[in-house]
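Remarks on the overall topology
Next come the chains, spelled out residue by residue.
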Amino acid sequence: MIKRIVFFIIPFLLSFFLIIKGQDYSITNLNNITTFYPESTSATLCKPPQYFLVQIIKFNASAIISLGSDIQNCSFFVGNTTSSIFICYQDLNFSNYSATLIVNGDASVGSLVINYECKRYDIKIEIIQEVTWSTVHKFSSIVKLNGLLDSTTISLIDSINSFELISLGKNYYRILYYEQYFIPKISNISLWEISFNNSGTNIIISTPYNINKFKSNGQEEIIDLIQFPNDGTSYISFIFGSIIKYRSTSSLQRPINPLVFNLDSAYSTLPRPISGSIGNMTYISYLPFVLSNLRYYNLYVQNDHSTIQAIPITTTYTCIPKPDQLKQGLKSTGVNGGDIKTSYFTLLLVYGDFGFQYDSQYFGYFNSYQSSSDNDYQVFPFGFSDGNNSDYTMRISVPARGFSSEAYFMVHMVDFSGIGPVFQITPSIIMNDKSTPFLQTFETIYIDKFNYLIRFSISDLFGLNYIETMIDLAYNKVIRFYVESLVSGDIKNGVFEILYDAVKYGPTPTPINLYNHIERVSSFAPNQPYSILTPNLRINLPSIQLQSIDHLKDIKDISYLFIDVDITDKTVDNIMYFSFNNIDKYKNLPIGFTLIDPRSLQDMELFNGVNFYGTFILKSVYSFAIWDEQNSRFYIKFKIPANTSPGVLDWMLVFNKENYLINTQLPDEYQLRVISTKFDSYGPIVTNIIKYPNSTVIGWLFTIEDEINGFKDGYVTIKGSIDSSVYNITFTSSDMVIGSGNKWKGDYLINIPYILNDCVSQNYSIHYAVFTDTFGNRNKYYKVKTNIELTSQVSLDSSGNPFINFIKDISTVLQVSTLGVCGKIDSTPPVLISFNASKSSIDVGSLDRSITFNFHSQDLGGLKDDQLPIVYITDMNTRIHKVTSSIVLKNSTDIKYTCTMEVPIGFSHPYGFLISVYGFINRGGSYSGFSGGQLKELGFNWFVETKSFSVSQPIITGSSGIDNDGGDLWLYGRGFKSINTITLNDGVRSYSLSITTLSESVVLIQNVKPSINSIEVYLTNAPLGLIQSNTFTINPIIYNFNYSTTPIPTSSVSPTLTPTPTPTPTPTSTQSPTNKPQSCIGNPVCGGSNQGYCKEDVGCICYSPFIGLDCTSKIIPQPKPNEDKPTTVIGNSNNNSSTVNNNNNQVTSNISIIAIREVNSITGEQVKIHYIDKWYYSNISSTISNYQSTILNNNISTTINATLEWFENKSNITFANQELIMNPSTIKYTVELSSYKFSNQLNNLQVIIEAQIQSNENNNNNNNICSGKEFGDTTTDNSNYIKLQVSSNSIYGRFLKRGIVDGKTVTITNELLDSKLNSISKENNIQSYIGIVIGQYQTSVIIDPDFSLLLENQQLNSDSPNSICSTSPSTSLTKGQLAGIIIGASLFFIIIVLIIAKIVLSKSLRFKVFVYKISKKSNKY
C-alpha cells in the first residue's frame, strides 16, 4: 500500500507580471515553475493546476471578468469587484508549450503569453541506509530518488502486502518490507530489490542486506511452546484471539520470528519478549482472528545460516455472533419534538422481543454533515429512558438552532461496526444564503518543541461553528477545533488560535474546512490561494521544516552519562549526548527522544499488526534535546525503566512526523547497553479462579501471580445482565487475603456489594479488568470494545489478557449469578420528583463555569443506592460532557442526589446546551433516565443559555513540561494579552516573574526556579492586580542522576561513548600517599595506657572512643541524625558523666558543602565558583540519607550526589583500595560528581566544605573563652585532618588524600582556604574552609571525608598555642594536639555535596553536627 501525499508549491512570482500599454486588465502568473511533471511515476501526462491573477487597471473597465486561453478548463476561483484569481487545468504530453491568456475574450484589453513544458522523470537512485531491523517497523531501508518531486506518487510493482514507500521529503524515502516480502529472503538473499513504473519503464531499487548481522550463533530453537487454550480452540467475539508463548535460544537480542496467517495476506504479528535473557528469552504473541473454523498459522524460525523454518500452529475459531446492538431487537424508531422551533429534537428507539439483550455495547451518533463523531462512544446509562436490558426504550435529545441551509440533515447512530439507524431531521427554517466563512488571514507561529500556534481570522454572517481537517487518511482521523479557540472578537468576526502539534498531527493532503452555523463550508486545499487580498499566500498546516534529511549521515559523537547501566529493580535517569556534522542545519531544530524498548512500547500501546506505520508516533511522550552552545552538542535527559529487556536499549530520535532515527540504524559504538537480571515486561495474570455465588458473598477469588516484579494493584468493572448496574472495584496488594501469599502470588476477593433484598435474578459479568505490577507493566481484559481500547484494527492484541489461562471458557468463568427473592422483574421504573440546575445561563469564557444539579428520584420498590445517576450536557454538534452524582439523603424509597460540573470553555456558544440525566436503577431490575425533552415536559430545568463568551478573561488550560532544574515554561490558554506577571508557589517559596506574551493564548515564563514539588501558578496584571487567572498546577519531571555501581574497567568502555568528547588527560591509578612519621606527644604520652599507646615512627595509636594526635579527644556518642532535618541535639545525659557540666552552655557545630570552585592549577587563581543553593533530600534508611543538587556550567549540568552515613558502632570499611576504621558516632560523606565541562585543560576543581563550631558561652563572670584551629597530617591513615575547638569541645574532620576518578584510584590534595574565603576567627566561634582538589576528569569523581564530635581532655586557655581568647588580642591558631589516628571513614570522594540530613539554609547544605550543653569545667570524661 502506498501513502500518497501530493503538494504543489505556488508562491507569488512577479517575474511573470505583464501589463500591455493601453490594456484595461493586468494578468499575473501566480505559479513559480514553468516545468511540470506527472503526478505519479506511471503517468504519461502532466495535469498541473495553474493560478492567474486578473486585476482591473482602468477606471472604466468592466467588473465582470472572464479568462480564456489555449489552456483548457479555466474557471473562477476567488475574487472581488476589482480582482479575480482563476485556476486552469490542462492535460500535457511530454513536450514544450506556449499559451496565450485573454481577458473577456479580447486580447486588446488584457492578455499574457506563458511558456512551459511537461517532462518525464529522470531518476537516479542513491542508497542511504541498508536494510535494518527494528521493533517499530520491522525491516526497512532508506533510499534517495533524485529527480522526483516530494509530491510524486511512486507506482510500485507487486507491492500489495509486500512493501511500501514512505516519503520523508527532499526525495528521501523509507522502504518498509512486510512478511510476504522478507520471510523468503532473510536467510539467503543479500540484495533486496523492489521496482516501480516510470512512464512505462521499470526501475529497480536494490538495497544491500547484511545476512550475517541477522544470523544467530548456532541454530535457534523454539522450546516450551504453549498455546492458550491448550486444545487449540477459541470462542471469540472480535475481541481476543488465541495466544502462544515460547522460549527462544537465539543469540540475537532481536530474533526475527514473525507469526503469520497465510503468507499472502496482511495478517501477522511479531512476538514480543516478556522475560528472560538473551539465549533464554520468553516471547508471547496472539493469533490474529480472521474468520471462524480451523485456521493455520506459521511461526518462522531461523533454522540454520541459510534457511528459515516454519513451525505450524493451528487453532479453531468459533465466532460468537457480534450483535449489531443498534439494529438487533429494534422494534421502532422516531423523532419526537421534531419542530426545531423548540430548540431540540429527541431520537426515539424502542427495543424488545427478538431474543436480544443489551450487553453494554458502546454506540455513537453524529450529524450527516460531520464525517464522524467527536464524542467518545457512549454506553449505558446514556440514552436509556426506561425498561431493562431485554425490553427498553432510548430517548436522546439533541439541541438545534431551528434553521439551516440544508432541506434536511441526517443523524446517524452507529456501533463499532458502523451500523445503526439513521434519522432524518427537517429544520423549520431553510436559509437560502449561500455565503460561506471568509478566511481573512492565516498564519503559523513556531512556539517550542513540536508545537505551533495557528491563527485564523474568520468572518461569517452566521458565525463560525468549527474548523475541520483529516490528519490520517489510513485511519480517517478527523480533528475539529470549535469556538473555544476564539481569542478576540466574536464568532461572526474573530480571531481563532489553535495549539498544533506538528508531529502528532503534521501536514495534511486533505482540505481545511470552515463550517458556519447553517452548515455552509469553505474548503481550502493545501497550497491553494485563500484570499484575493493575499494571492501569494497559501494555507498549509505547519510541519517541522528540515534543512537536511541527512541526519543518518550527519549524526556523530553519541555518548551517555551512564553506560552499561544495571536497571535491575530500579529506574535509572540518564543523559544522552550527540552532535551532527553540518551542525548549523540542526542546532535550531526541535529533536524529540523516546525509548522503544519492550517496556516503553507497551506504554505506547504499539500495535504490532498489519500496517502500523505512524501509530507509535501518536502515543509517544518525548524528552527533548537541549542545545549546548559551549560544547556544540545536544543533550537529552531521560529515564530508563526498571527491569526492561537486557542488552542494547532501543531508542528513537524524532525530527518531524516523517523523519526519525532509530538506534538500530547506527553502529555498535553508539549503543546504550543495560543490564537486567529480572527482565519483566508482562503484567500480572490470574492463575486460579473460585466463584462465590451465594447469599452472603457474590464474586470471585482470584489467585494473582507476577513472579518477577510482583502485583501492585488492579481495577475491575462488573455489570449486571438485566439492569446494567455497574460496580467498579479497585484493590491493591494490601487487600490480599491474609495468609494467602505475597505480592508475587496471592489471593484477592473481588466481592460485589450484593443487596439481599434485590428482587431481580441476573448474571454479573466482568466487562473490564486491568492488573498492574510494581513497575507499571499491565495486562488488560475487556469483554466488549470500549473507548479505552477504541481502534480500527481488524484484530486486537490479546497477548496481554490477564485471564490467559481461561480463554476457552472465559465467558462462564467471569460470570456469577444471583437468585432474586421476587422471581420477576419490577417493570415500573424509577420516577423523577424534581430536577434543578443552579444556573439558566452561563458565560462560557469566565472563570466560574460551574453548575450544580440537585435532583430527587423515587421508586416504591426501592432504588439501588450503589448506582449513581449521571448528568449529561449536549451541544448542537452532538458533543457530550458528563458528571456522576453523589447521594445527599436517602430512605427506603427516595434518594436525593447532587453533582457539580465545570462546563468546558466555549461549550455550545452561542446556542446553549441541553441537560439530561440517566441511570436510576431500582431493586427490581428496571432503570430509567430523562432526556432534555423529557425534563422540559416535566417542567424541570432542561436548557442553559451560552450567549456570553468573555474573551479577555485569562484562563490557563495547559503548559509545556518542565523538570526539577527549572528553566523556561510555556503556558497555554486564553486572555493573556491583559496580563504581565506570573506568581509561582512550589510549597517552599512564592515568587513572581515577568512574562513574554506571544499571543492571546500563549505566554513564556523564563527562569522558573528549580523545584521537586508541584508548582501552582496564576497570572495577573501587576501591579494593579485587577485581573487574575485561575490557579494551574504544574508537576515537574524529577531527575536524579545518582546512579552508582562498581566501576567498570576503562578497557571495556569504547572511547567514543565518553560523555565529554573533548580530549582531556586520562586519570591513572596511583600509589596511595604516605604521611611522614610523627612523634608521640601528650602528658601522659598518648593520653595514658587507657587511652592509647605509642608506636615508633608512626605516632600515637588511640583506643576507641579516643582520638587525636595525643589521644586526649573523646568522641561524643550521639543519637541518629534527625530524619526530617540534619540536626542533632545532645543533652548532659549523653555524656555518660553526671559531673561534666555546672552550667548550661550550648555548643553548635556545622558542616556544609557550599560550592564547587574551578581554579587555575598553575596560578591558583579562581576561574569561576558555583554556589550550591538547592538540595533534594531522600531518606535511605535510619542511618543513611541522600542529598542531590545540580550546577549548570556552560549549559552542561553537573550532578552532585552526597550520601551521609551515621556509624553508631566501630566499623571497618574500604574506600579507594584502603581499609579505614569508622569510630562510633562518626559521620561519613560519600560525595559523587558527574562530568564537568572545564574551561580549559589547565584547570582543577575544588569541592569546598565549611566547618564551624561556636558556643553561646561569653565572658561573663570573668570566664576566659578560647578557640583554636589545627590542620595537618594524620598518623596512621595517610590523610589530612582539620580540628576546630571552642573551650573543651571540638569538631574533627578527616580528609583522605585519595579518591576514585573515572573508575580509578588517584591521589588528590586538600587545601586550607581560610585566607582566601575570609573565615571567622573569634574566641567563641571558629570557622574553616577546606578545598578538596580534583584534577581533570571525564565522567565521575567520588570523595569520602568524615567528621566526628569530640570532648577534649584539656580546655583551651590563653596559654594554649595560637589560641584566640576573650582576654587576649592574639588571633593566631592553636597547634595540632592530636596524637592518634583520627578514626573516621569515607566511602567515595567527588563532589562534596554532603547533606547530612536535610537542607537548612538556602545557600548551603547545613548539617548541625551537635548542640551540646556543657559547663566551664570538666572533672573527668
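What comes next is a walk through the structure. A quick note: this is a predicted structure, and the numbers were derived from the prediction, not measured. (Residues numbered from 1 in each chain as written. Predicted model: local features only at pLDDT ≥ 70, side-chain atom pairs only at ≥ 80, totals over all residues. Heavy atoms only, no water.)

Quick word on the pairing of strand S38 (residues 486-490)
In the sheet, S38 pairs with strand S39 (residues 493-501) via four bridges, with the strands oriented antiparallel. Pairing of Ser 488 across the sheet is with Val 495, part of S39. (Pairing = 2+ DSSP bridges. Helix = DSSP H or I, 4+ residues; strand = E, 2+ residues; numbered from the N terminus.)

Remarks on the nonpolar core
One finds Phe 578, Trp 651 and Leu 653 to be the most contacted residues of the largest nonpolar core, which totals 62 residues. Only strand S42 (555-560), strand S44 (572-580), strand S45 (592-595), helix H3 (598-604), strand S48 (633-640), strand S50 (651-654) and strand S51 (660-662) provide two or more residues apiece to this core. For Trp 651, the residues in contact, after removing those within four places along its chain, are Ile 558, Tyr 560, Met 576, Phe 593, Thr 594, Leu 595, Ile 596, Leu 661, Ile 662, Asn 663, Leu 666 and Tyr 670. (Core = buried A, V, L, I, M, F, W, Y, C linked by side-chain atoms within 4.5 Å. Buried < 20%, exposed > 50% of the residue type's maximum accessible area, 1.4 Å probe, protein only. Contact = heavy atoms within 4.5 Å.)

What about the packing of aromatic side chains?
Applying the stated criterion across every chain, the model contains 71 aromatic pairs. Judged by centre distance (6.2 Å) and plane angle (70°), the ring pair of Phe 36 and Tyr 116 falls under edge-to-face. A residue pair is termed long-range when its members are at least 10 positions apart, and Phe 36 in strand S2 (residues 35-36) and Tyr 116 in strand S8 (residues 111-118) qualify at 80 residues. For Phe 36, a relative accessible area of 4% puts it in the buried group. Each ring, one from Phe 382 and one from Tyr 872, has its centre 4.9 Å from the other, and the planes form 65°; the classification is edge-to-face. On the criterion of sequence distance, the pair formed by Phe 382 in the loop between strand S27 (364-367) and strand S28 (384-388) and Tyr 872 in strand S63 (residues 870-874) is long-range, its members being 490 residues apart. Taking the relative accessible area as the measure of exposure, Phe 382 reaches 1% and is therefore buried. Given a relative accessible area of 1%, Tyr 872 falls into the buried group. An aromatic cluster of three or more residues is present, and its members are Trp 133, Phe 139, Phe 163, Tyr 177, Tyr 181, Phe 182, Trp 192, Tyr 209 and Phe 214. Seen from the ring of Tyr 181, Lys 185 lies directly overhead, with NZ or CZ sitting 4.0 Å from the centre. (Phe/Tyr/Trp six-rings, centres within 6.5 Å; stacked < 30°, edge-to-face > 60°. Lys NZ or Arg CZ within 6 Å of the ring centre and 35° of its normal.)

Focus: the state of the cysteines
As enumerated under the stated definition, the model contains five disulfides in all. Note on cysteine connectivity: Cys 1080 is disulfide-linked to Cys 1094, with sulfurs 2.0 Å apart. Since a negative S-S torsion denotes a left-handed disulfide, the Cys 1080-Cys 1094 link at about 90° is right-handed. In this pair, Cys 1080 is assigned in the loop between strand S76 (1032-1034) and strand S77 (1092-1095) and Cys 1094 in strand S77, connecting sequence segments 14 residues apart. A relative accessible area of 22% places Cys 1080 in the partly exposed class. Among the residues examined, Cys 1094 registers a relative accessible area of 45% and is labelled partly exposed. For Cys 1086, the disulfide goes to Cys 1100, at an S-S distance of 2.0 Å. Of note, the bridge from Cys 1086 to Cys 1100 carries an S-S torsion of about -85° and is left-handed in sense. Here Cys 1086, found in the loop between S76 and S77, pairs with Cys 1100, found in strand S78 (residues 1099-1102); they are 14 residues apart in sequence, far enough to count as distant. Neither residue differs from the other here; Cys 1086 and Cys 1100 are each classed as buried. (Disulfide = S-S within 2.5 Å.)

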